[in-house]
Amino acid sequence: MKSSARSTTTTVLAASLVAALALTGCAKSEEDAASDSATATAAGGGDQVVASPGAGADKTCTLEQFGGEKLDLSGATVGFSQSEKEANPFRIAETASIEAEAADRGVKLLTANAQSQFSKQISDVQDLIAKGADLLVIAPLNSDGWGPVLRSAAAKKIPIVTIDRKINATACKDYVSFIGSDFIEQGKRAADRMIEATGGKGKVAILLGTAGNNVTTERTKGFKDRIAAEAPGLQVVFEQTGEFAREKGQQVTEQLIQSNPDITGIYAENDEMGLGAVNALKSAGKKAGDVKIVTVDGTRNAVRGIVDGWISGVIESNPRFGPLAFETLDTFTRGEKVPQDVVIQDSAYTPENAKADLGKAY
């Protein structure tokens, strides 16, 4: 985010955070994807906004509850742990947003990338602590297995904010806040779009995300629960992980076409798997629209897929965590309360708005 836009954006984000507290008390190369995502992030398109608080929004955390001392964020060192290699546009945009906000605020930032290896992420964060990080922002690869990191951080009273995925630990004890989407709601919205695209009848496959994290579990639950309740004529006949990767999504879809040649729709739990599915369908001689595809994320390539007729809808999962993550840390280290769960408001891309809103994608 450019400094000229920062004051306005920060005001909006801060106002959203304060309001929440008050109420509670098509395939392209990886280089092209990186360029698109960096451009979209730099343009500031679609910064995160806090959603209206719902159930559990009264749960907050303060520095006094957590333990530790007040800290001037501008003089602090923040460690950022990224979970996956930055070939996925979501990760590119997420990292770029964190780095841009740190630079804009003049905060020293230490970064590490686990390259999709959980053991490496654990050692990465331990290393960030050893290098003097006063605060941590973590994009977790898995939800479980964070004991060693949490113990090390607790020993030094280092506040942790997790983004985009949760860790299975105790808020305001092991970590301060989680910032991310309502993944169950994303699944429900994806199901609504699938029902509309298919007329509520046919056979649907699910390309599952990586096992072991709450995003996959909750996006699956939301989708299946909504289908069962609203469209009994839609049958989920196939579920297999595509590991949130385009190549794997293509491989799984190739298998799917062989085992279920009459498949009606594919729900891909991220855009990259959905784009892999498009590649597989093209290779099989299918035409745009023959199989209805609904995905989650909001990448530029996926939204282009809607414009081209290959994808029926994309539920946004906004990766621009930088401003809100640093606003949360700043509020917390000043001694003010922050929500334990900061739920962001996501939009959606459909055939009706995809062309006009392409510039908002990353």
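Our subject is the structure that appears above.
Report on the accompanying structure. Being a predicted model, the structure only gives us computed values, none of them experimental.

1. Things to note about the overall build of the protein chain
For the protein chain, the helix and strand inventory stands at 13 helices and 14 strands. Here the protein chain holds 362 residues, and the buried ones make up 54% of them. Carbon together with sulfur atoms contributes 48% to the accessible area of the protein chain, which is approximately 14,300 Å² in total.

2. A look at the state of the cysteines
Per the counting criterion, the structure on display carries 1 disulfide. Each disulfide pairs two cysteine sulfurs, and for Cys61 the partner residue is Cys172, the sulfurs being separated by 2.1 Å. Taking the sign of the torsion about the S-S bond as the criterion, the disulfide between Cys61 and Cys172, at about 80 degrees, is right-handed. Of this pair, Cys61 sits in strand S1 (residues 60-61) while Cys172 sits in the loop between strand S5 (160-163) and strand S6 (177-180), and the two are 111 residues apart along the sequence.

3. A few points about helix H12 (residues 322-333)
Its 12 residues place the ends of H12 16 Å apart at the C-alpha level, agreeing with the 16 Å of an ideal helix rising 1.5 Å per residue. Counting buried residues along H12, 12 of its 12 residues qualify, which places the element largely inside the surrounding structure. All buried positions along H12 are accounted for by Gly322, Pro323, Leu324, Ala325, Phe326, Glu327, Thr328, Leu329, Asp330, Thr331, Phe332 and Thr333.

4. What to know about the sheet that holds strand S9 (residues 265-268)
Ordered in space as S8-S7-S9-S10-S11-S14, the 6 strands form an open sheet in which the pairing is mixed. Each edge of the sheet is formed by a strand with only one pairing partner; in this case those strands are strand S8 (234-241) and strand S14 (348-349). Where strand S11 (residues 313-316) lies against S14, 2 bridges are found, and the strand directions are antiparallel. When the bridges of S14 are listed, Val314 appears paired with Tyr349. Set on the sheet, helix H10 (residues 271-283) makes contact with strand S7 (202-208), S9, strand S10 (292-297) and S11; between it and S10 the angle comes to about 155 degrees. Strands in contact with helix H11 (residues 300-307) are S10, S11 and S14; relative to S11, the strand with the most contacts, it is inclined by about 150 degrees.

What counts and how
Residues numbered from 1 in each chain as written. Predicted model: local features only at pLDDT ≥ 70, side-chain atom pairs only at ≥ 80, totals over all residues. Heavy atoms only, no water. Helix = DSSP H or I, 4+ residues; strand = E, 2+ residues; numbered from the N terminus. Buried < 20%, exposed > 50% of the residue type's maximum accessible area, 1.4 Å probe, protein only. Areas by Shrake-Rupley, 256 points an atom, 1.4 Å probe, with all protein chains shown as cover. Disulfide = S-S within 2.5 Å. Expected span 1.5 Å × (residues − 1). Pairing = 2+ DSSP bridges. Contact = heavy atoms within 4.5 Å. Axes fitted to C-alpha atoms, helices over the stretch in contact; angles between N-to-C directions.

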